[in-house]
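What the coordinates show
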Amino acid sequence: MDILAQAKTLSEQGREIYHLEVGEPDFPTAESIISAGVDALNAFKTHYTPALGLPALREAIADYYQRKFSIDISPERIIVTPGASGALQLAMSCLLDAGDNVLLTDPGYPCNKNIAEVLAAESICVPVDADSCYQLDAKRVGENWNDKSRAAMVATPSNPTGTLLPKQQLVELCQVIEQKKGRLIVDEIYQGLVYDDNDYTALSVSDECFVINSFSKYFGMTGWRVGWMVVPEQYVDAIDRIAQNIFLAPPTMSQYAALTALKADTQLILDERRDIFKQRRDFLLPVVKQLGFDVEVKPQGAFYIYANCERFTDDSFNWVKQLLSEQGVALTPGIDFGQHSANRYCRFAYTQSLDVLEQAMDKVDSFINKNKQ
Ligand SMILES: Cc1ncc(COP(=O)(O)O)c(C=O)c1O
């Protein structure tokens, strides 16, 4: 937040700022999706929907899994939520009582820890490194699980590392968590933004996981606040009741818009955008490495590169602040994502055009060279 505030102040002073800290697609929502939202409003679709979501959307999501991954998911198990954020709250509310804990990755998506805290539950932030693709693995779960642990959570592709959870690692995670009678929550919000032909869903490995997804990232609908979750059947009723109390329902017009987002012709536009993100990654990754950052695992998805900057600093927070004030390039320091080796990392987001990325990296180059002398 400090970096964002600093970037904003500099922008207001007329400085050109390169926003490589932004965690949302730069593309506006596709026109066909916007039209569907407008049509819904014009047709007075302005009332609540059922708390679990529009039945037609739950079915369309089931079809999507069939089309994309050739798996059968009953629409009954699909719950439409106010973004992945709503799904994370529902999953944790359902699985954690006060005093229980959930295993998270460090580094990881920072809000998870705070959601657990709101529920008077705890989080065990497990340090993860390149050896496990910055993901949990069976060994780490075994070492950190205790008698108050109820769930473990991973995100694949991950924020901030862009790395995927290897499928075999997921199989082993499912086994160990099942033995412990816990639940695995798999956040697949960046699904669809995977660049090396190895996109998969945890639902093809196990029906026992809670799988979270969203229309925010691949579908380019961050501001519409609509996502979903697939859960084992026995939890649907409890989640229905929790959702009725916390949210009443996800936004109605956004659910109608989401129906269009799932259509095959909209997918063509979204896949073109995915290919643009791939081009950006393929440009940025070699440049980041050439400048002397270390990227130990190839980021295969999302729009992030988590780079080790210890060659330049042992205090990435102040280094990032200095880079912003001297060169106008905003990155996210490792401390935003946890404590583990945080001072040695920063995150680049490629949510800007190739042109902007190129200019920004020239600035980073100048900054590094100037500080060498
Ligand atoms: C890993 C991860 N999960 C969940 C979210 C929440 O997304 P939303 O609520 O917009 O679907 C984000 C947002 O950046 C994220 O990076």
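First, a word on what this report is: a plain description of the structure on this page. (Residues numbered from 1 in each chain as written. Predicted model: local features only at pLDDT ≥ 70, side-chain atom pairs only at ≥ 80, totals over all residues. Heavy atoms only, no water.)

1. Let's talk about the pattern of salt bridges
One side chain can pair with another of opposite charge once the charged atoms of both are near each other. Selection rule: Only one rule defines a salt bridge in this text: a Lys or Arg side-chain nitrogen within 4 Å of an Asp or Glu carboxyl oxygen. The way it works is that DSSP assigns letters per residue, a run of H or I at least four long becomes a helix, a run of E at least two long becomes a strand, and they are numbered from the N terminus.
In this structure the tally under the stated criterion is 18 salt bridges. Ionic pairing is found between Arg 280 and Asp 26, a salt bridge with its closest N-O pair at 2.8 Å. Here Asp 26 lies in the loop between strand 1 (18-19) and helix 2 (31-42) and Arg 280 lies in helix 10 (residues 264-290), a separation of 254 residues in the sequence. For Asp 100, the salt bridge goes to Arg 150, with nearest N and O atoms at 3.5 Å. Residue Asp 100 is located in the loop between helix 4 (83-95) and strand 3 (101-106), and its partner Arg 150 is located in strand 5 (residues 149-155); the two are separated by 50 residues in the primary sequence. Three or more residues are tied together by salt bridges with common partners; here these are Asp 196, Lys 278, Arg 281, Asp 282 and Lys 298.

2. Some words on the site of the ligand
The criterion, for reference: Note on terminology: near, applied to a residue and a molecule or strand, indicates that one of the residue's heavy atoms is within 4 Å of it. We define a polar contact as two N or O atoms separated by no more than 3.5 Å, with the added condition that, inside protein, one atom must be a possible hydrogen donor and the other a possible acceptor, whereas residues neighbouring each other in sequence contribute only through side-chain atom pairs. Using the Shrake-Rupley algorithm and a 1.4 Å probe, accessible areas are obtained, with residue cover drawn only from the displayed protein chains.
As a matter of local geometry, the ligand sits amid 13 residues, with Ala 84, Ser 85, Asp 187, Ser 214 and Lys 217 nearest to it. The side chain of Ser 85 places a nitrogen or oxygen atom 2.5 Å from an oxygen atom of the ligand. Asn 159 places a side-chain nitrogen or oxygen 2.9 Å from an oxygen atom of the ligand. Contact with the protein chains removes 92% of the 400 Å² of surface that the ligand exposes when unbound. By residue number, the principal contributor to the shell around the ligand is helix 4, which donates four residues.

3. Re the packing of helix 2 against helix 9 (residues 252-261)
Angle between the axes and distance between the axes are the two parameters that describe a pair of packed helices. The following threshold applies: Each axis is a line fitted through C-alpha atoms, taken for helices only over the stretch in contact, and angles between the N-to-C directions span 0 to 180 degrees. Roughly parallel means an angle under 35 degrees; roughly antiparallel, over 145; roughly perpendicular, 65 to 115; everything else is oblique. A clockwise turn of the near helix away from the far one marks a right-handed crossing, whereas an anticlockwise turn of less than a right angle marks a left-handed crossing. We call two residues contacting when some pair of their heavy atoms lies within 4.5 Å. Gly counts as polar in this scheme, as do all residues outside two lists: the nonpolar Ala, Val, Leu, Ile, Met, Phe, Trp, Tyr, Cys and Pro, and the charged Asp, Glu, Lys and Arg.
Interaxial distance between helix 2 and helix 9 falls to 8 Å at its minimum, and their mutual angle equals 140 degrees. Taken as axis vectors, helix 2 and helix 9 run oblique relative to one another. For helix 2 against helix 9, the interelement crossing comes out right-handed. In this structure, helix 2 contributes Ser 32, Ile 33, Ala 36, Gly 37, Ala 40 and Leu 41 to the contact, and helix 9 contributes Met 253, Tyr 256, Ala 257, Thr 260 and Ala 261. Here the contact of helix 2 with helix 9 is built from residues that sort into eight nonpolar, three polar and no charged.

4. Observations concerning the sheet that holds strand 9 (residues 304-308)
Using the following cut-off: Following DSSP output, two strands are said to pair if at least two bridges run between them.
Pairing is antiparallel in the open sheet, where three strands are placed in the order 9-12-11. Looking along the sheet, the strands with just one partner apiece sit at the ends: strand 9 and strand 11 (332-333). Relative to strand 12 (residues 345-349), strand 9 runs antiparallel, the two being bridged by five bridges. The residue of strand 12 that forms the bridge with Ile 305 is Phe 348. Contacting strand 9 and strand 12, helix 10 crosses the sheet at an angle of about 10 degrees to strand 9.

Interpretation note: all reported values are geometric properties and have no functional meaning in isolation.
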